[in-house]
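An overview of the molecular structure
Here are the chains, one letter per residue:
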Amino acid sequence: GEQRLYRAREDAERRLEKTRLAAAEASAKRLELETRLEYERVEGQRVLTEKRRADREARRRLAAEVAARQVELENIEQEERFERQTRSLLEEKRRREGEEWLDQMARESYQAKEARGGKRLEEERVENGRLAQKERAEQKAREEAAVMAQLVAKQ
């Protein structure tokens, strides 16, 4: 009887030891799983934070591109306005020059008719017209260059 009691006690101790070992293994396994879960949670947060940072950076770059394009468009519009103003000023100047030239030619023609007659007058008028046209072209080129320089200086 004592031996049976002894064996029963050893069996109980072995079972208790197995239970403790299983409990320790389960505890270690649980700790490993909790550690892995925590790592994955932290890693997930890091990835999420990184993604948010990348999204912010992409939005910032896009906003900078939009702003740069807006400035580019404003510069193009300003250049177009400048060109229109320049054309308008030059056209007005040419129109005034044309009117002045016609008045001058009429005066010269009238004076020449009174001073001389005939074919010599016609030849002189044609030559004067050529010289006046040449002078006008040179004067117009000088004035256009001056107007362009003035407009560039304003810019």
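Quick note: structure is the one above.
Quick caveat: nothing in here was measured; it's all calculated off a predicted structure.

Concerning the environment of Arg142
On the secondary structure map, Arg142 appears in helix α2 (residues 118-154). There is a polar contact of 3.4 Å between the side chain of Arg142 and the side chain of Glu135.

So, the pattern of salt bridges
Between side chains of opposite charge, a pair can form as their charged atoms come close. If you walk through the whole model with that rule in mind, you get 19 salt bridges. The residue Asp11 makes a salt bridge to Arg14 at a minimum N-O spacing of 2.3 Å. Here Arg14 and Asp11 lie together in helix α1 (residues 2-115), a separation of three residues that amounts to about one turn. On the basis of relative accessibility, which here comes to 46%, the residue Arg14 falls in the partly exposed class. Asp55 is the salt-bridge partner of Lys51, the closest N and O atoms lying 3.3 Å from each other. Here the residue Lys51 and the residue Asp55 both occupy positions in helix α1, the gap between them amounting to four residues, near one helical turn. Connected through salt bridges with shared partners, the residues Glu92, Arg95, Arg96 and Glu99 form a single ionic network.

Some thoughts on the layout of surface pockets
In this structure, the largest pocket occupies an estimated 160 Å³ of space. Residue lining of the largest pocket: Glu97, Glu100, Trp101, Gln104, Met105, Glu108, Ala132, Glu135, Arg136 and Gln139, and that is the complete set. Elements that contribute at least two residues to the lining of the largest pocket include exactly α1 and α2. For the lining of the largest pocket, the element with the highest residue contribution is α1, accounting for six residues. Along the lines of polarity and charge, the residues of the lining of the largest pocket split into three nonpolar, two polar and five charged.

Rules used in this analysis
Residues numbered from 1 in each chain as written. Predicted model: local features only at pLDDT ≥ 70, side-chain atom pairs only at ≥ 80, totals over all residues. Heavy atoms only, no water. Helix = DSSP H or I, 4+ residues; strand = E, 2+ residues; numbered from the N terminus. Polar contact = N/O pair within 3.5 Å; in protein donor to acceptor, adjacent residues only side chain to side chain. Salt bridge = Lys/Arg side-chain N within 4 Å of Asp/Glu carboxyl O. Buried < 20%, exposed > 50% of the residue type's maximum accessible area, 1.4 Å probe, protein only. 1 Å grid on protein atoms, 1.4 Å probe; cavity = no way out; pocket = protein on both sides within 12 Å on 5 of 7 lines; lining within 4 Å. Points joined across faces, edges and corners; volume = space filled by probe spheres on them. Nonpolar A, V, L, I, M, F, W, Y, C, P; charged D, E, K, R; others polar.

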